[in-house]
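This is what each chain is made of:
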Amino acid sequence: MQSLRRLVSFLALAAVVLAARAASVPPLMYGAAWYPEQWSEATWEADLARMQAAGLNMVRIGEFAWSSLEPSEGNYQLDWMERAVAAAARHGMVTIIGTPTDTPPAWLTTKYPEVLRVGEDGKQLQHGSRRHFSIASAKYRELCAKIVTQLAERFGHNPHVVAWQIGNEFTEDSFDDESRRGWHAWLEKRYGSLDLLNRHWMTAYWSQTYSQWSQIPMTTGRANPGLLLDYKRYVTDTWLAFQRNQIAVLRAHVEPRQLITTNLGGVGWANRFNRQLIAADYDVISWDEYLGAGYADSSRNGTGHLDPDRSGSTHDLVRGWKQRNFWVLEMPPGFVDWSSVSNSLDRGETRAMAWHAVAHGADCVAYWQWRSALNGQEQYHGSLVGPDGEPVPVYAEAAQAGREFAQAAPVIAGTSPVSQVALIHDYDSRWAIDFNRFSNRYEQLEVLHSYYKALRRQTQSVDIVTPAMDLARYKLIVAPSLNVVSAALAQKLTAWVEAGGHLVLGPRTGMKNEFNALNTQRQPGPLVATLGGRVEQFYALLEDVPVAGEWGSGRATVWAETLASLPAAQLSTLNPQLSTSGAIEVLLRYGAGNDWLTGQPAAIRRRVGQGTITYLGAVVDQPLMQTLAQQWTAMAHVDSPVIPVPDRVSVGRRVAADREVFIFTNFSAGPQKIALPGAMTDVLQGGEVTKLSLPRYGVAVLVRRLKS
Ligand code: GAL
């Protein structure tokens, strides 16, 4: 008894000592994907020493290592991973462990072939690549839970493990029978009765009326819009269930200090499922930044050079999923190997790209990958050391960023971007428009970026959020292409306007309800009463049309909607609760060129309660968009500090209670000079500065105290 008690107190003491020594996430984490299982242990020490010399303070391991962790069913081999974690710690690095569920091993897919993913063409995937599992498979989830349990039990209290990554870059859904049964069960749960489903989808159209759940197709082709939208939601819910299966295991076993994340790929804006809902489950959300982020044109992926607006908007999108700082768990050290032309970033660009992410709210930057794998599908990919383990040219640049991160970390710790302006990016709406673009000239991401670019230039800080997020913190909310507006969303937005918010709706707003059916009031649907007007008709343009009015002049391109105010009597029946509202002002009208449009209102605004609601019915040229952004931010009294910078020089501001940090990166073609509004401390160079001289790809980190 005595000895048992002694043992218990010894263990308790040991736990306290261990907990005290447990590492936490470094305030500015800098790492690389390392695959110790691909190399002999004899190479580890030299690799880790080189990582440490480059200033890395984190390694990310394990996410494809299932066959090394469990070479045959139930035969767990976790010791090597423990040795790898310990070796990294000896070099001052914490570890993020990826659960290996993106790559089920061959023994598993041989024994349980039912877990293999089936494409929409009905073909089952074979072993030999990755992402070959069905997200709906109960058997696969059971097997995932087993391996994750082993990992969680072994590493859940490991002092050097600071975070977990679930899987890797969630991507494809599956069209196997189990998924199909899941789809039918999901629909039954959502609608309760086929009558209701038939009504909301208006299945009388083309005799689609269903009399059994099992008759409902599972397709992404040109199907009923209600079905297509629900399928996206089903896929989202299936991914949620897939990740929750693993999150539950981790939460049950690991210390809360170990954060749980997943790294979303697809250059950020991918929309196979609702990423904001996926992000909501995690302690922190991560994404993998490769070139091409933010462009609708996928041929840009992995090639070219960094565009600070497109990359910046993607960081802001990711930050908006949780309205919090985020991690970049993959960035290319120079180049990828899967693009049309996998060109290298310029000298200096890799470092500037890392800092640019931090400027937008990243608290972690990590490279994919540390060392070129000798074989496997990605042999040519950029790395920090070559197949021989010796530094490649970009190593020195990454090491410079490593030194700078360490230097700046104390100043940056605890700061985040703060925006008074939000752009709405709504998955339902994005899908609804993509199912029928009506004009292939209407490219939503391009429309959104036109707004983003103008607002960002105007304010230097824009949040991109879904309508589900907290909107109260913003002064101005701008929603281009908010196609799906439910009654509940209209209510939320109206209440926000009444309380003093300034809402700008862009083209195609409110055409659909949550079932992807047309709203009977026409656009903007349940917001008609708030706006006091509506869209009379929408037009896909072949040619530009002039627009002009109190707000400036320019061209309507791609898309034009004619607007009209509605009689007060009609409005009060639509929303009798609405607080006092003013007359409708017409701020832009179409000029001559298209008879349907000539002289018709293109933008209207109305005061409602303490705020305003504006509807802009046209896609407009960029100079006019810039003028509009100026008027909107002035109207909403947006007053965040702005430091004038030349084009393609980016400035990001991160704020804590006692300080503001400005991070400049120069992606323009040459050196640039910037005058500062006052003296600031130069964190990287030291000393006080009132102006900056930035070479091409130059970086500056400045800090200024804030009076509390
Ligand atoms: C990412 C993926 C990595 C690696 C990388 C290459 O999408 O997560 O595992 O394949 O691409 O660029």
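Bear in mind the structure is a predicted one, so any value in this text is a computation, not a measurement. (Residues numbered from 1 in each chain as written. Predicted model: local features only at pLDDT ≥ 70, side-chain atom pairs only at ≥ 80, totals over all residues. Heavy atoms only, no water.)

Enquirer: In this structure, what is going on with the packing of aromatic side chains? I would like to understand it.
Expert: Evaluation of the coordinates by the stated rule reveals 36 aromatic pairs. Judged by centre distance (6.1 Å) and plane angle (25°), the ring pair of tyrosine 35 and phenylalanine 64 falls under stacked. Residue tyrosine 35 is found in the loop between β1 (29-33) and α2 (44-53), and its partner phenylalanine 64 is found in the loop between β2 (58-61) and α3 (66-69); the two are separated by 29 residues along the sequence. On the accessibility criterion, tyrosine 35 (3% relative accessible area) is buried. Between tyrosine 451 and tryptophan 632, the ring centres sit 6.1 Å apart and the planes meet at 25°, which makes this aromatic pair stacked. In this pair, tyrosine 451 sits in helix α15 (residues 444-459) while tryptophan 632 sits in helix α19 (residues 622-635), placing the two residues 181 residues apart along the sequence. Owing to a relative accessible area of 2%, tyrosine 451 belongs among the buried residues under this scheme. Classification of tryptophan 632 as buried rests on a relative accessible area of 0%. An aromatic cluster of three or more residues is present, and its members are Trp66, Phe133, Tyr140, Phe170, Trp239, Phe242 and Phe273. Lying across the ring of tyrosine 295, arginine 300 places its NZ or CZ 3.8 Å from the centre. A cation sits over an aromatic face here: arginine 371 above tryptophan 39, 3.9 Å from the ring centre. (Phe/Tyr/Trp six-rings, centres within 6.5 Å; stacked < 30°, edge-to-face > 60°. Helix = DSSP H or I, 4+ residues; strand = E, 2+ residues; numbered from the N terminus. Buried < 20%, exposed > 50% of the residue type's maximum accessible area, 1.4 Å probe, protein only. Lys NZ or Arg CZ within 6 Å of the ring centre and 35° of its normal.)

Enquirer: Can you walk me through helix α13 (residues 394-412) in this structure?
Expert: Working note: α-helix, 3.6 residues per turn, so residues spaced by three or four point in the same direction. Alanine 406 marks the point of greatest bend in α13, at about 35°, and the proline proline 410 comes within the next four residues. Residue glycine 414 follows α13 closely and has a positive phi angle near 80°. (Bend = angle between axes of the 7 residues up to and from the residue.)

Enquirer: Would you mind showing me how to read the sheet that holds strand β15 (residues 545-549) here?
Expert: Think of a sheet as strands paired side by side through backbone hydrogen bonds, with each pair either parallel or antiparallel. The ten strands are arranged β11-β10-β12-β13-β20-β19-β18-β15-β16-β21 in an open sheet whose pairing can be described as mixed. In this open sheet, the two edge strands, each paired with only one partner strand, are β11 (462-465) and β21 (619-620). Where β15 meets strand β16 (residues 552-557), five bridges bridge the pair, whose relative direction is antiparallel. Counterpart to alanine 548 in the pairing with β16 is serine 553. Contacts from α15 reach β10 (421-424), β11, β12 (476-479), β20 (611-616) and β21 within the one sheet, and its direction differs from that of β10 by about 175°. (Pairing = 2+ DSSP bridges. Contact = heavy atoms within 4.5 Å. Axes fitted to C-alpha atoms, helices over the stretch in contact; angles between N-to-C directions.)

Enquirer: Any chance you could explain the pattern of salt bridges here in plain terms?
Expert: Should their charged atoms come close, side chains of opposite charge can pair. Taken as a whole and judged by the stated rule, the model has 40 salt bridges. Between glutamate 73 and lysine 111 there is a salt bridge; the shortest N-O distance is 2.6 Å. Of this pair, glutamate 73 sits in the loop between α3 and α4 (79-90) while lysine 111 sits in helix α5 (residues 106-111); the two residues are 38 residues apart in sequence, bridging distant segments of the chain. Between aspartate 470 and arginine 473 there is a salt bridge, and its shortest N-O distance comes to 3.0 Å. On the basis of relative accessibility, which here comes to 35%, the residue aspartate 470 falls in the partly exposed class. Overlapping salt bridges, with partners in common, bring together Arg190, Asp230, Arg233 and Asp428 in one network. (Salt bridge = Lys/Arg side-chain N within 4 Å of Asp/Glu carboxyl O.)

Enquirer: Is there a simple way to think about the confidence of the model for the protein in this case?
Expert: The predicted coordinates should not be examined in detail at positions where pLDDT is low. Mean pLDDT over the protein works out to 95, with 97% of the residues at or above the 70 mark. Segment residues 10-20: pLDDT under 50, and one contact once partners within four positions in sequence are set aside and those in other chains are kept. (pLDDT = per-residue confidence, 0-100.)

Enquirer: Would you explain α19 in this entry?
Expert: Its 14 residues place the ends of α19 20 Å apart at the C-alpha level, agreeing with the 20 Å of an ideal helix rising 1.5 Å per residue. Along α19, the residues classified as buried are Leu624, Met625, Gln626, Leu628, Ala629, Trp632, Thr633 and Met635. One or two steps after α19, the chain reaches histidine 637, where phi turns positive at roughly 55°. (Expected span 1.5 Å × (residues − 1).)

Enquirer: I tried to follow the site of the ligand on my own but got confused; where do I start?
Expert: Taken together, the residues surrounding the ligand are Phe64, Arg130, Asn168, Glu169, Asp288, Tyr290, Glu330, Trp338, Trp368, Glu378 and His381. Between the ligand and tryptophan 338, the relevant distance is 2.7 Å, taken from an oxygen atom to a side-chain nitrogen or oxygen of the residue. For the ligand, an oxygen atom lies 2.4 Å from a polar atom in the side chain of glutamate 378. Alone, the ligand offers 300 Å² of accessible surface; in the complex the protein occludes 94% of this. Looking at side-chain class alone, the shell around the ligand contains four nonpolar, two polar and five charged residues. (Near = heavy atom within 4 Å. Polar contact = N/O pair within 3.5 Å; in protein donor to acceptor, adjacent residues only side chain to side chain. Areas by Shrake-Rupley, 256 points an atom, 1.4 Å probe, with all protein chains shown as cover. Nonpolar A, V, L, I, M, F, W, Y, C, P; charged D, E, K, R; others polar.)

Enquirer: Explanation requested: the sheet that holds strand β26 (residues 699-705) in the structure shown.
Expert: Pairing is antiparallel in the open sheet, where five strands are placed in the order β22-β23-β26-β24-β25. Only two strands of the sheet have a single partner each, and these edge strands are β22 (649-656) and β25 (688-694). Between one strand and the next, the sheet's axes are offset by a mean angle of 25°, whatever the strand orientation. Note: strand β24 (residues 672-682) against β26, two bridges, orientation antiparallel. The partner of threonine 681 across the bridge, within β26, is valine 703. Sheet contacts for helix α12 (residues 349-359): β22, β23 (659-666) and β26; angle to β23, the most-contacted strand, approximately 145°.

Enquirer: Explain the pairing of β15 here, please?
Expert: It is a general feature of regular strands that their side chains alternate between the two faces of the sheet. The turn joining β15 and β16, which pair antiparallel and follow one another in sequence, is formed by two residues. Judged from the two bridges that link them, β15 and strand β18 (residues 581-590) form a sheet pairing that is antiparallel. Following the sheet pairing, alanine 548 is matched in β18 by arginine 589.

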